[in-house]
Structures are given as structure tokens and as C-alpha cells.
Amino acid sequence: MTYTPNTFDPVRSDIARRHLPPVVAAGSAAVIGLGAAGTSPAAAEPSARRDEIANPRFENGLDGWKVVGDGASVVELDDGTCSLRCAPTQGGSVTVSQEVENRRPRWWTLRTSVRAGGSGTASTLTLRSRRTQEQVHIPVTGSSEDRLEIALSAQLPAGLLEIELRTEGADGAWAEITDLRLESGHVQRDVRGADLSGIPKNEAHGAEYFSADGSVSVDPVEVFAEHGATMGRLRVWVDPADGFCTPEHTVAMARRISQAGMEVLIDFHYSDTWTDPGAQGVPSAWLPDAPEGLTDAVAEHTRSTLLAIRDAGVDVAAVQVGNEINPGMLWPWGQTWDVDPDDGVDGARYDDLARFLTAGSLAVTEVFPAAEVMLHLTNIHDGVDGLTSWFDEIVRRDVPFDVIGLSYYSYWHGTLMDLQRAISTLADRYERDVIVVETAYAFTLEDDPDSPFENIVAEPSQLAEGYPASPEGQAAAFRAVQDVTVSAPSTGGRGRGAVYWEPAWTAVDGAGWDPEDPASGNAWENQAMFDFDGHLLPAPFAAFS
């Protein structure tokens, strides 16, 4: 989040008193204090109560709130609670705000429950003082009745602070907000990361990266750091056919990331190629080892890679022991999906998986005692129960780990509400922080004409409601994932941020997805943060700040 100057007048107090009209029915809800066209419903002048929001649940209509523009109302829901609804007409806007007294300089966090429709950038929530402000776009939830939790933090001086909800009336935009809470303390998007694993292969095949106007050549690693990225993620394969993502390449890239000022996250796949829920192949050099030999191989590969990074003078902040390991890893020995429970091997497979994970975890701690060990799952759309059943087995076997990693791609893994529910459940159940270590979104549905390889996201039906395939939509989608993660309700606020997957993987001949096939193409370039000419896209890069 970025501090920006503003013209807020801390001594302003121009909210006029009004009397609420009667409640009128509106479908399944009641509408309270509905502003007429061309007018703004006036609100009762609030007393500036110290550290408190007046009428935070809108039970007294718009009392205590200043309204500018048309389209603000308070609705009474079926459960008896009330919600502020802002739905301006096309081309119009509506702003609802309130001032609160802040007795001394401190961090404040504004928490609230929200729903929204229309554009992912149409509605904003702002917390400001006379000198600083923080702002967040309210994520689009569409027609869902579920409400997302959003938290917005700012370090504010003593004096009056202002809370503001603004909605621009474009594309049928609307926002609902209720249960505002102002708390001392803060939440932050500590992790604003980028997976930069593919850069060496891209550069080796002639990829070039430029400033937005194309006038200046840029180092893609440095440009992410300059725009606010805090972490670089690197996958490690054992002996890939194309010679990239090896331990040696990982050392060199870790040095670049560290020198640019970002933390390093290492992602061990324990394979010669991609691992995910559909593939967790054993490295060819480790075959035909039994589980005992594979346990030793995991430990040695983890230890030797990290020692090489440490010897290069680079610190490592976090390490993934496995990549998207819902089905286990090192199949068939550590496979935990597609196992017949009647064959008596289900528990044994989890036992083997736990041995592999423990070996990797202990190797991490041996080399980098302060590094966080992460276990990384995906497929949250299958339900939280699938995630908890896996972690229950791992915790039961005392596998040491510090952080939970998740993948979230909206075209595969459900809604932002699904994501937030998973984060909250996992954080509280296992008392671990949660980071979204993979997410991405398209800035266009077009394919690079110089590399016509079918893209993963190519159809309008794959887009999330409210987030168009544009640079602005890509930026809003990435920021929404970050905000939903850090705002997830959990004991201690354990959501920490998100990592964007391969934002520098542009289409270059020879740098395709398959390490065994030099002619394979790139199905991802329309989700990169550089356009088809290698020019950076300012809007998505701004989502790191």
C-alpha cells in the first residue's frame, strides 16, 4: 500500500443533521434512508468520539455519515443486520465518509465485511489523515451472498482521521459494506512476490525486457524489486532435460534476487520436471530407490542446493519442501491420492510421504536455521475438507513445518470467498501463517502473434466477474488476492500476502514449457506483466507497491 498526499481538512465538520424516513420494503431486505435522485441524504452530525466509529453497523441508517452523490442507502437484511449499499447511476459516483478522533500517533486497522459487483476497481475503501492515506479496492463478489473480510491499515498522526467508501457508477457497479471496526495495530502485505524461475531460460533464448515506453532496456529482476516486490521465488529441479532450473541456475538467480533487495523463496519439486496434482515423478537419477533411499536423496538434494546458495553469500527466507503436493510426491511411494483404502497401503503411503517431508525440512533447518519451511497445496475448489484431511495426516506424523502455501488461480480454484475461507480455516486449525505462493491473471485474451501456442486462459468464460482481461484487470485481480489473503479472519491475522507466478515468462522461441521439447511453446505469455514486445505493463507492476 502506498502513502499519498491528500487535501483532507482535519477541522472540517459539515455533516448536517437529518431525520430518517420510514423503512420501506425492497425485496428480501428493507431500505432505510434512501437518497432521492439528484440529492444526497444528509446524516446526523457525529460527535467525534475517541477511537470509535459512530453507527458502524448502520443500524441507525446513515446517522453519523456524510454522503456526497446519489445512490447510497441502508438495507436491512433477512437476518436483521444492516448494510450500507452504494449503487450510483451510470457515470455518477457516491461517497460515504466519517471522521474519527485519533488521540495519538499510531497504526490503525479498519476491518469490515464487504460485497461488491461490477468492476474490481469501481469501489474503494480509504483510511486517511491530513498527511497520509491508504486505499484498497473492494473485491468483486458478484451475486454471492457471502461477504469477504477486508482489512486496511495506516500509520496515522494524532488528530482526525477519515473513513471513506467511494463507488464509481460504471458497468453496474455497486458495493455493500457493514460492521466496520477500527482497531489499534496493523496488517501488512509482507509478501508481495514474483516467481522468477523462467528468466534464465528466457534470456538464454533472446528475451529482452524494456520500460513501458520501450526506450530503456531493463533487468527484469531489478524492475520487480524497484516496483515493490519483496520476494523472489525459484523452482528447483534435479536433472531437467533442458538444463534450466537446476541447482546451479538457482544459485545464480538467488544471488540476483538478493542483490536486488528481495528475499529468496526456494521451491523444491524433487523431480526432473513439473510437479503438480497430476504429476509427482521421481528424478531419473533416484530410480529405482526404495523409500529409505529416496529419503536420503531428498535430504542430500535439499542440503547441497541450500549449501551452494549459502556459500554464494545469499540468505534464504523460506523453502518449499515439495510443490502442490496434495497427492503426495515421489510417486508411487509417497502417493496419497488414488489409493484404494481397502488395500491397506493408504497409511503406509502417508508414512513414506512424512519421511520425505521430514527429511527435507530437517535439511532446510540444518543449513538455514532461520528459514521458514513451507508445505504447499492447491485445489482449494475441492473444499477445505480436502486440505485439512491432508494436513491432519501430516501433523499426526509430526512433520516439522512453519508456513502453509497455497495456489490460487481464479479460472481453476473458485472464488475469492473460497480462497479466504481456506486461509482462515488452515491458519486457525494449524496455527500457521498462510501465503498464496502461486496466482496469476490475463492482461489480454489474445495470443502473441509471433508465438501462436494456445494459451491456458483464452476465453471470456475463464475470467473472474469484475476483472477484465486488461492490464488494469490483471492488476486488480492480483491486488484482490493479496488483500483477501491478509484480511482473512484468523487468530493473529495469519495471511501474509501472495506471489505472482512467472510474470516475466514472455514468448520466446526455444523457451517453451516442456524441458524435453525445444519446440514447445508458451501458454502463459498473456498472463505475464510484460506485453508481447517485452514492455512492462505499468498497472500490474503497481500492484506490488
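What you are looking at is a predicted structure, and each value in this text was computed from that prediction instead of being measured. (Residues numbered from 1 in each chain as written. Predicted model: local features only at pLDDT ≥ 70, side-chain atom pairs only at ≥ 80, totals over all residues. Heavy atoms only, no water.)

### What to know about the overall build of the protein
Okay, so step 1: A count of helices and strands for the protein gives 10 helices and 22 strands.
Okay, so step 2: Every one of the 545 residues in the protein was classed for burial, and the buried ones make up 57%.
Okay, so step 3: Across the protein, contacts joining residues at least 24 apart in sequence account for 78% of those joining residues at least 6 apart.
Okay, so step 4: As displayed, the protein offers around 21100 Å² of accessible surface, 49% of which is attributable to carbon and sulfur atoms. (Helix = DSSP H or I, 4+ residues; strand = E, 2+ residues; numbered from the N terminus. Buried < 20%, exposed > 50% of the residue type's maximum accessible area, 1.4 Å probe, protein only. Contact = heavy atoms within 4.5 Å. Areas by Shrake-Rupley, 256 points an atom, 1.4 Å probe, with all protein chains shown as cover.)

### A short note on the environment of Gly-232
Okay, so step 1: With respect to the helices, strands and loops of the structure, Gly-232 is situated in strand S14 (residues 231-236).
Okay, so step 2: A C-alpha to C-alpha distance of 9.5 Å links Gly-232 and Tyr-500, two positions 268 residues apart in sequence.
Okay, so step 3: Contacts of Gly-232, omitting those with residues within four sequence positions, involve Ala-194, Ile-257, Met-262, Glu-263, Val-264 and Leu-265.

### Brief notes about the packing of helix H8 (residues 416-430) against helix H9 (residues 471-487)
Okay, so step 1: Between H8 and H9, whose axes approach to 9 Å, the crossing angle comes to 35°. As H8 runs across H9, the sense of the crossing is right-handed. Along its contact with H8, which presents Leu-416, Leu-419, Gln-420 and Ile-423, the element H9 presents Ala-480, Val-481, Val-484, Thr-485 and Ser-487.
Okay, so step 2: Residue composition of the contact of H8 with H9, grouped by class: 6 nonpolar, 3 polar and no charged. (Axes fitted to C-alpha atoms, helices over the stretch in contact; angles between N-to-C directions. Left-handed = near helix turned anticlockwise from the far one by under 90°. Nonpolar A, V, L, I, M, F, W, Y, C, P; charged D, E, K, R; others polar.)

### Quick word on the confidence of the model for the protein
Okay, so step 1: The predicted model of the protein has a mean per-residue pLDDT of 89, with 89% of residues at 70 or higher.
Okay, so step 2: The low-confidence segment residues 1-48 (pLDDT under 50) makes 125 contacts with residues lying over four places distant or belonging to another chain. (pLDDT = per-residue confidence, 0-100.)

### Re the sheet that holds strand S16 (residues 318-321)
Okay, so step 1: Judged by pairing direction, the barrel is parallel, and its 8 strands sit side by side in the order S13-S14-S15-S16-S19-S20-S21-S22 before closing back on the first. If you compare each strand with its neighbour and ignore which way they point, the axes differ by 25° on average.
Okay, so step 2: Sheet topology note: the strand S20 (residues 403-407)/strand S21 (residues 433-439) ladder contains 5 bridges and is parallel. Within S21, the position partnered with Ile-404 by the bridge is Val-434.
Okay, so step 3: Set on the sheet, helix H6 (residues 384-396) makes contact with strand S19 (372-377) and S20; between it and S19 the angle comes to about 140°. (Pairing = 2+ DSSP bridges.)

### A closer look at helix H4 (residues 291-311)
Okay, so step 1: Between its terminal C-alpha atoms H4 stretches 30 Å, which fits the 30 Å expected from 21 residues at 1.5 Å a residue.
Okay, so step 2: For H4, the full list of buried residues reads Pro-291, Leu-294, Thr-295, Ala-297, Val-298, Ala-299, His-301, Thr-302, Thr-305, Leu-306 and Ile-309.
Okay, so step 3: Backbone geometry just after H4 places Gly-313 at a positive phi near 85°. (Expected span 1.5 Å × (residues − 1).)

### Observations regarding the side chain of Thr-485
Okay, so step 1: Structurally, Thr-485 is set in helix H9.
Okay, so step 2: Filtering out sequence-adjacent residues up to four positions away, Thr-485 remains in contact with Leu-419, Ile-423, Val-434, Val-436, Gly-495, Arg-496 and Gly-497.

### Details of the packing of aromatic side chains
Okay, so step 1: For the structure on display, the rule yields 22 aromatic pairs.
Okay, so step 2: Plain terms: the ring middles of Phe-224 and Phe-544 are 5.6 Å apart, the flat faces sit at 85° to each other, and that makes the pair edge-to-face. Taken together, the positions of Phe-224 in helix H2 (residues 220-226) and Phe-544 in the segment after helix H10 (538-542) put the pair 320 residues apart, joining distant regions of the chain. One exposure class covers both Phe-224 and Phe-544, and it is buried.
Okay, so step 3: Taking 5.0 Å as the distance between ring centres and 80° as the angle between the ring planes, the aromatic pair formed by Trp-237 and Trp-274 counts as edge-to-face. In this pair, Trp-237 sits in the loop between S14 and helix H3 (247-259) while Trp-274 sits in the loop between strand S15 (263-268) and H4, placing the two residues 37 residues apart along the sequence.
Okay, so step 4: Looking at Trp-237, the relative accessible area reads 2%, which means it is buried.
Okay, so step 5: Judged by its relative accessible area of 19%, Trp-274 falls in the buried class.
Okay, so step 6: A network of ring pairs unites the aromatic residues Trp-237, Trp-274, Tyr-409, Tyr-411, Trp-412, Trp-501, Trp-505 and Trp-524 as a single cluster.
Okay, so step 7: Over the ring of Trp-174 we find Arg-85, and its NZ or CZ is 4.6 Å from the ring centre.
Okay, so step 8: The ring of Phe-401 has Arg-432 sitting right over it, with the charged end atom 4.0 Å from the ring centre. (Phe/Tyr/Trp six-rings, centres within 6.5 Å; stacked < 30°, edge-to-face > 60°. Lys NZ or Arg CZ within 6 Å of the ring centre and 35° of its normal.)

### Considerations on the sheet that holds strand S6 (residues 93-102)
Okay, so step 1: Taken in spatial order, the 5 strands of this open sheet run S3-S6-S11-S8-S9, and their pairing is antiparallel. Both edges of this open sheet fall to strand S3 (66-69) and strand S9 (133-137), since each of them pairs with a single strand only. If you compare each strand with its neighbour and ignore which way they point, the axes differ by 15° on average.
Okay, so step 2: One ladder, built from 5 bridges, connects strand S8 (residues 123-128) with S9; its direction is antiparallel. The residue bridging Leu-125 from the neighbouring strand is Val-136, located in S9.

### What to know about the pattern of salt bridges
Okay, so step 1: Summed over the entire model, instances satisfying the criterion amount to 31 salt bridges.
Okay, so step 2: Three or more residues are tied together by salt bridges with common partners; here these are Arg-85, Arg-115, Glu-145, Arg-147 and Glu-176. (Salt bridge = Lys/Arg side-chain N within 4 Å of Asp/Glu carboxyl O.)

### A short note on the environment of Val-316
Okay, so step 1: The topology assignment puts Val-316 in the loop between H4 and S16.
Okay, so step 2: A residue is classified by how much of its surface remains accessible, and Val-316, at 2% relative accessible area, is buried.
Okay, so step 3: The spatial distance from the C-alpha of Val-316 to the C-alpha of Val-367 is 9.6 Å, given a sequence separation of 51 residues.
Okay, so step 4: In this view, Val-316 contacts Val-264, Ile-266, Ile-309, Phe-368 and Ala-371; residues no more than four positions away in its chain are not counted.

### Thoughts on H9
Okay, so step 1: Taking 1.5 Å per residue as the helical rise, H9 with its 17 residues ought to reach 24 Å, and the 24 Å between its terminal C-alpha atoms agrees with that figure.
Okay, so step 2: For H9, the tally of buried residues reaches 15 of 17 residues, placing the bulk of the element in the interior.

### Observations concerning the nonpolar core
Okay, so step 1: With 137 residues, the main nonpolar core has Leu-127, Phe-224, Ile-266, Leu-357 and Trp-390 as its most contacted residues.
Okay, so step 2: When sequence neighbours within four positions are dropped, the list of residues in contact with Leu-127 reads Trp-108, Leu-110, Thr-132, Gln-133, Glu-134, Leu-152, Ala-154, Leu-156, Leu-161, Glu-162, Ile-163 and Leu-182.
Okay, so step 3: One finds Leu-265, Met-374, Val-403 and Val-499 within the second-largest nonpolar core, a separate group that totals 10 residues. (Core = buried A, V, L, I, M, F, W, Y, C linked by side-chain atoms within 4.5 Å.)

### A closer look at unusual backbone geometry
Okay, so step 1: Leu-287 connects to Pro-288 through a cis peptide bond whose omega is -5°.
Okay, so step 2: For Pro-288, the position within the fold is in the loop between S15 and H4.
Okay, so step 3: In this structure, the amide linkage connecting Trp-331 to the following residue, Pro-332, adopts the cis form with an omega of 5°.
Okay, so step 4: Its identity is not glycine, yet Asn-55 carries a phi of approximately 50°, on the positive side.
Okay, so step 5: You can see Asn-55 is positioned in the loop between strand S2 (29-32) and S3.
Okay, so step 6: The phi torsion at Leu-330 lies on the positive side, around 50°, for a residue other than glycine.
Okay, so step 7: Looking at the secondary structure, you find Leu-330 in the loop between strand S17 (328-329) and strand S18 (334-335).
Okay, so step 8: The exposure class assigned to Leu-330 is buried, which follows from its relative accessible area of 1%.

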